[in-house]
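Understanding the architecture of this molecule
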Amino acid sequence: MRVSGAAHWSVVRLDPRHVRVTLIDPGYLDPGEREVEVVLQHLVARGATDILSREKLELRSGRIKLRIPAGTLRIIDVEHQ
């Protein structure tokens, strides 16, 4: 897994079928809305959910495009095979 765009990020395995991606706006001095793309390189994803907003995220060709609001974070759970 990798993240394209301006974001601090980490990935943690929750169980054999789920990983959690934490994405943080890196703008300490200049917070701003950040466009990022999560690329699932070695996972065949079934779905992705933002755990804070409960929003179901769209998966296209193993990629998730989303925005990180200024000065905050997004936490995404990815279900995979």
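Small disclaimer: the values here were computed from a predicted structure and weren't measured.

Procedures and definitions
- Residues numbered from 1 in each chain as written.
- Predicted model: local features only at pLDDT ≥ 70, side-chain atom pairs only at ≥ 80, totals over all residues.
- Heavy atoms only, no water.
- Salt bridge = Lys/Arg side-chain N within 4 Å of Asp/Glu carboxyl O.
- Helix = DSSP H or I, 4+ residues; strand = E, 2+ residues; numbered from the N terminus.
- Buried < 20%, exposed > 50% of the residue type's maximum accessible area, 1.4 Å probe, protein only.
- Pairing = 2+ DSSP bridges.

Across all of its chains, the model carries ten salt bridges by this definition. Across the salt bridge formed by Glu37 and Arg63, the nearest N and O atoms sit 3.1 Å from each other. Of this pair, Glu37 sits in strand β4 (residues 34-39) while Arg63 is found in strand β7 (residues 63-68), placing the two residues 26 residues apart along the sequence. On the basis of relative accessible area, Glu37 is assigned to the buried category, the value being 15%. Arg63 sits in the partly exposed class, given a relative accessible area of 32%. Through salt bridges with shared partners, a single ionic network connects Asp25, Asp30 and Arg34.

Let us now look at the sheet that holds strand β8 (residues 73-80). Strands sit in the order β2-β3-β8-β5-β6 across an open sheet of five strands; the sheet is antiparallel. With partners counted over all chains shown, the strands left at the sheet margins are β2 (8-15) and β6 (56-57), one partner each. Where strand β3 (residues 18-24) and β8 come together, seven bridges link them in antiparallel fashion. Looking across to β8, one finds that Val19 is bridged to Val78.

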